[in-house]
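Spelled out, the chains give:
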Amino acid sequence: MKRLWIVFACSLAAVSSLLFIGCEAESSADVQLTLEPRSITLHSGESAVFTVSGGYEYRWSLSAESLGTLNKRLGNQVIYRSSSTSTNAATQILTVESFITGASGNSPTNVVSSNDLITAVSVSATITQLP
C-alpha cells in the first residue's frame, strides 16, 4: 500500500509540472520596445529599414497604405518604400505591435488558446514624405 501511495504521489507531481509549462512571469507591462529610426524624411521612391527589439513577436502596419509599402508585415525588421507617385508632402505613421501568441492583455501566455493574438505593446515612427 505504501508503494501505491509513492507511485500516486510521483504521478501527481509529474502531471502537475506539465500544467505549468509555458507560464511566464513577465507581463506585457514589462515590455519596452526600441524602434529605430523613430523619425525619418524620404523622397518619392526612397526606402528605409526599420528595426524593432525588446518584445516578442512583431506585426507592422501603416496609417496610409497609399503613401508607401512594406516588404512584409511580420518580423523584427521591415523595409518601407515611399510611393513613387507622390506629388505632395505627407506624413506616414509606421506602427509596430509586439504581441504574445495565446496571451490576454497583461496575463501570462497560458491564459487563453494559442489561436488568439493579443497586442502587448506598440510603438510608432513618423515618416515625412517629400515629392
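Residues numbered from 1 in each chain as written. Predicted model: local features only at pLDDT ≥ 70, side-chain atom pairs only at ≥ 80, totals over all residues. Heavy atoms only, no water.

1. Observations concerning the overall build of the chain
Then, in step 1: Assigned secondary structure in the chain consists of one helix and eight strands.
Then, in step 2: Beginning at the N terminus, the succession of helices and strands in the chain can be written as α-β-β-β-β-β-β-β-β.
Then, in step 3: Long-range contacts, defined here as pairs at least 24 residues apart, represent 61% of the contacts in the chain between residues at least 6 apart.
Then, in step 4: If you sum the accessible surface of the chain, you get close to 7900 Å²; carbon and sulfur atoms cover 58% of it. (Helix = DSSP H or I, 4+ residues; strand = E, 2+ residues; numbered from the N terminus. Contact = heavy atoms within 4.5 Å. Areas by Shrake-Rupley, 256 points an atom, 1.4 Å probe, with all protein chains shown as cover.)

2. Some words on the pairing of strand E3 (residues 47-53)
Then, in step 1: Burial along E3 is one-sided: the residues Ala-48, Phe-50 and Val-52 are buried and none of Ser-47, Val-49, Thr-51 and Ser-53 is.
Then, in step 2: Relative to E3, strand E1 (residues 34-36) runs antiparallel, the two sharing three bridges. By the bridge assignment for E3, Glu-36 is matched with Thr-51. (Buried < 20%, exposed > 50% of the residue type's maximum accessible area, 1.4 Å probe, protein only. Pairing = 2+ DSSP bridges.)

3. Overview of the pattern of salt bridges
Then, in step 1: Taken as a whole and judged by the stated rule, the model has two salt bridges.
Then, in step 2: The shortest N-O distance in the salt bridge between Arg-59 and Glu-97 comes to 3.0 Å. Here Glu-97 lies in strand E7 (residues 90-101) and Arg-59 lies in strand E4 (residues 57-62), a separation of 38 residues in the sequence.
Then, in step 3: Here Arg-59 falls in the partly exposed class, since its relative accessible area comes to 23%. (Salt bridge = Lys/Arg side-chain N within 4 Å of Asp/Glu carboxyl O.)

4. Description of the packing of aromatic side chains
Then, in step 1: One pass over the full model with this rule turns up zero aromatic pairs.
Then, in step 2: Above the plane of the ring of Phe-99 lies Arg-59, whose end atom (NZ or CZ) is 4.6 Å from the centre. (Phe/Tyr/Trp six-rings, centres within 6.5 Å; stacked < 30°, edge-to-face > 60°. Lys NZ or Arg CZ within 6 Å of the ring centre and 35° of its normal.)

5. A closer look at the confidence of the model for the chain
Then, in step 1: In this model, the chain carries an average pLDDT of 77, and 63% of its residues clear a pLDDT of 70 or more.
Then, in step 2: Ignoring residues within four places in sequence, the model shows residues 106-114, a span with pLDDT below 50, making 22 contacts including any to other chains. (pLDDT = per-residue confidence, 0-100.)

6. Observations concerning the sheet that holds strand E6 (residues 77-82)
Then, in step 1: Across the sheet, which stays open at both edges, the four strands sit in the order E1-E3-E6-E5 with antiparallel pairing between neighbours. Strands with a single pairing partner mark the edges of an open sheet, and in this sheet they are E1 and strand E5 (68-70). Along the sheet, successive strands turn relative to each other by an average axial angle of 20°, direction set aside.
Then, in step 2: Bridge count for E3 against E6 is five bridges, and the pairing is antiparallel. (Axes fitted to C-alpha atoms, helices over the stretch in contact; angles between N-to-C directions.)

7. Section: the environment of Asn-71
Then, in step 1: Tracing the backbone shows Asn-71 in the loop between E5 and E6.
Then, in step 2: Sequence separation of Asn-71 and Arg-81 is 10 residues, and the distance between their C-alpha atoms is 8.1 Å.
Then, in step 3: In contact with Asn-71, other than residues within four places in its own chain, are Val-78 and Ile-79.
Then, in step 4: Here the side chain of Asn-71 touches Ile-79 through a polar contact of 2.7 Å, landing on its backbone nitrogen. (Polar contact = N/O pair within 3.5 Å; in protein donor to acceptor, adjacent residues only side chain to side chain.)

8. Re the nonpolar core
Then, in step 1: In this structure, Leu-35, Phe-50, Trp-60 and Tyr-80 are the most contacted members of the largest nonpolar core, which totals 20 residues.
Then, in step 2: For this core, the elements supplying multiple residues, two or more each, are E3, E4, E6, E7 and strand E8 (117-130). (Core = buried A, V, L, I, M, F, W, Y, C linked by side-chain atoms within 4.5 Å.)

9. Observations regarding the side chain of Ser-82
Then, in step 1: When you line up the elements, Ser-82 lands in strand E6.
Then, in step 2: A relative accessible area of 2% means that Ser-82 is categorised as buried.
Then, in step 3: In this structure the side chain of Ser-82 is engaged in a polar contact, spanning 3.0 Å, whose partner is the backbone nitrogen of Gly-45.

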